[in-house]
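Secondary and tertiary structure notes
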Amino acid sequence: RDDDDINDVASMAGVNLNEESARIMATSSDLVGTQIQSCKDEPFLAAIPLHKRILETARKLGITDVPAEVVTFISHATQNRLRTVIEKVTVITQHRMESYKDDEWYEQATDVRSQLKFFEQLERLEKQRKDEQEREILLKAAKSRSRQEDPEQARLKQKAKEMQQQELAQMRQRDANLTALAAIGPRKKRKLDAPGLLTVGGEGVGGCGGSQAGLGTASPRQYPRQKITRVNLRDFIFYMEQEREMSRSLLLYRALLK
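Sequence positions are assigned chain by chain, starting from 1 and proceeding in written order. Only residues with pLDDT of 70 or above have their local features reported here, since the model is predicted, and side-chain atom pairs are shown and tallied only from 80 upward, although totals for entire chains, interfaces and linings are computed over all residues. Side-chain numbers come from the whole structure's heavy atoms, not from hydrogens or water.

An unreviewed UniProt entry lists the chain under the name TAF4 factor, with Edolisoma coerulescens as the source organism. Per its UniProt entry, the chain bears the Sequence similarities (unreviewed entry) comment "Belongs to the TAF4 family." The UniProt entry for the chain carries the following text under Subcellular location (unreviewed entry): "Nucleus". UniProt positions are given in the numbering used here, feature names are shortened, and annotations may be inferred rather than shown by experiment.

Okay, structure coming up:
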């Protein structure tokens, strides 16, 4: 009954559904059952060198003829495999570069950098203490006025004299640097750093004398920096260790030896 109603409406409008269906099938008959691609199917690898390489391997197995479809298929398989490897290694690199300092679900248990700084400070204090002890020994040797001096005592006096001369030279150099800085005066601020500078339409505008205004140099446009993921050999070794077909491969052992 519904079909009859539709046919009645179409007939009232003067449209014959059978004729319209036949006309549509006649005009688009060349498109029925065909596949349309938006771009040409180009191989990922060079066809001629790849074909030669496949023929060399096939002859060892007793195969003399390899059609072009096989070469195209292997080229696409190589492209797909390479894309998969790059995606997995990129995920590994992103996990390595991820920082958990600002994550509320993680708390810091150890800080190796602070521990290294602490040990460096201990070594610096120990070296400073030894230097002070050596300095006191040298000063005592320089102040001693014994008439009979052994070679060791003379060596200590000479070393104390050289130390005093070196300290005096350092003090003079420090005083000269302070005098030069005082003569140069304070560092002048650039125009872009001066107070009262406004940015209008990418150009600097600064006030001078309240009524005069000068146009400064245009500030360079800031472009957002693209984040670059750098994959190193360590990430690729980790990927090969996780893959079943590469975990015992010769390539992994060669990478571990580098």
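**Some words on the overall build of the chain**
The helix and strand labels rest on DSSP assignments: H or I over at least four residues marks a helix, E over at least two residues marks a strand, and numbering proceeds from the N terminus. Secondary structure summary: the chain contains eight helices and three strands in total. Starting at the N terminus, the α and β elements of the chain follow one another as α-α-α-α-α-α-β-β-β-α-α. Relative accessibility decides the category of a residue: with a 1.4 Å probe and only protein chains considered, values under 20% of the type maximum give buried, values over 50% give exposed, and everything between is partly exposed. Considering the chain as a whole, with its 258 residues, one finds that 11% of them fall into the buried category. The contacts in the chain between residues at least 6 apart in sequence include a share of 41% that link residues at least 24 apart. Note that accessible areas follow from Shrake-Rupley with a 1.4 Å probe, and for residues the cover is restricted to the protein chains shown. Taken as a whole, the chain presents about 23700 Å² of accessible surface, with 55% of it coming from carbon and sulfur. We call two residues contacting when some pair of their heavy atoms lies within 4.5 Å.

**Section: the side chain of T93**
Tracing the backbone through its elements, the reader meets T93 in helix α4 (residues 68-97). Once residues within four sequence positions are removed from consideration, T93 is found in contact with T229, R230, V231 and D235.

**Section: the nonpolar core**
Proteins that are soluble and globular tend to have nonpolar side chains buried together. We call a set of buried Ala, Val, Leu, Ile, Met, Phe, Trp, Tyr and Cys residues a nonpolar core when their side-chain atoms join them within 4.5 Å. Counting nine residues, the largest nonpolar core consists of V85, V89, I92, I237, Y239, M240, M246, L252 and A255. Among the secondary structure elements, those contributing two or more residues to this core are α4, α7 (233-242) and α8 (250-257). Once residues within four sequence positions are removed from consideration, V89 is found in contact with V231, D235, F236 and Y239.

**A few points about the side chain of S75**
Tracing the backbone shows S75 in helix α4. Exposure remark for S75: the relative accessible area of 1% places this residue in the buried category. Setting aside anything within four residues of it in sequence, one finds S75 in contact with P43, F44, L45 and L50.

**Quick word on the packing of α7 against α8**
Between α7 and α8, the least distance of the axes is 10 Å, while the angle of their chain directions is 150°. α8 is crossed by α7, and the crossing has left-handed handedness. Packed against α7, whose contacting residues are L233, I237, M240 and E241, the element α8 presents L251, L252, A255 and L256 at the interface. Under the convention adopted here, Pro, Cys and the residues Ala, Val, Leu, Ile, Met, Phe, Trp and Tyr are nonpolar, Asp, Glu, Lys and Arg are charged, and Gly plus all remaining residues are polar. Residues that form the contact of α7 with α8 fall into these classes: seven nonpolar, no polar and one charged. Axis definition: a line fit to C-alpha positions, over the contact stretch in the case of helices; interaxial angles, taken between N-to-C directions, run 0 to 180 degrees. Take the far helix as the reference: if the near one is turned anticlockwise from it by less than a right angle, the crossing is left-handed, and if turned clockwise, right-handed.

**Notes on the packing of helix α3 (residues 47-60) against α4**
With their axes 10 Å apart at the nearest point, α3 and α4 run at an angle of 105° to one another. Taken as axis vectors, α3 and α4 run roughly perpendicular relative to one another. Note on element contacts: α4 touches α3 through V71, I74 and S75, opposite A47, L50, H51 and I54. When its residues are assigned to classes, the contact of α3 with α4 shows five nonpolar, two polar and no charged. Comment on the angle field: the value is read as roughly parallel under 35 degrees, roughly antiparallel over 145, roughly perpendicular from 65 to 115, and oblique elsewhere.

**Structural notes on the pattern of salt bridges**
Here, a salt bridge means any Lys or Arg side-chain nitrogen found within 4 Å of an Asp or Glu carboxyl oxygen. Scanning all chains against the criterion turns up seven salt bridges. We note a salt bridge from E245 to R81, for which the minimum N-O separation is 3.3 Å. Here the residue E245 occupies a position in the loop between α7 and α8, and R81 occupies one in helix α4, the gap between them amounting to 164 residues. With a relative accessible area of 52%, E245 lands in the exposed category.

**Focus on the environment of R135**
Inspection of the secondary structure puts R135 in helix α5 (residues 112-143). For the pair R135 and A160, spaced 25 residues apart in the sequence, the C-alpha separation amounts to 7.6 Å. Setting aside residues no more than four positions away along its own chain, R135 makes contact with M163 and E167.

**Focus: the packing of aromatic side chains**
When two rings of Phe, Tyr or Trp (its six-membered ring) have centres within 6.5 Å they constitute a pair, described as stacked for plane angles under 30 degrees, edge-to-face for angles over 60, and tilted for the intermediate range. Taken as a whole and assessed by the stated rule, the structure comprises two aromatic pairs. Centre to centre, the rings of F236 and Y239 are 5.9 Å apart; their planes meet at 40°, and the pair counts as tilted. Of this pair, F236 and Y239 both sit in helix α7, separated by three residues, roughly a single helical turn. With relative accessibility at 27%, the residue F236 sits in the partly exposed group.

**Things to note about a nonpolar patch on the surface**
On the surface, V112, L116, F118, F119, L122 and L125 cluster together into a nonpolar patch covering about 600 Å² of accessible area. Relative to the assigned elements, L116 resides in helix α5. A residue counts toward a patch only above 30% relative accessible area and without a salt bridge, and it is joined to like-charged neighbours within 9 Å or, for Val, Leu, Ile, Met, Phe, Trp and Tyr, to nonpolar neighbours within 5 Å.

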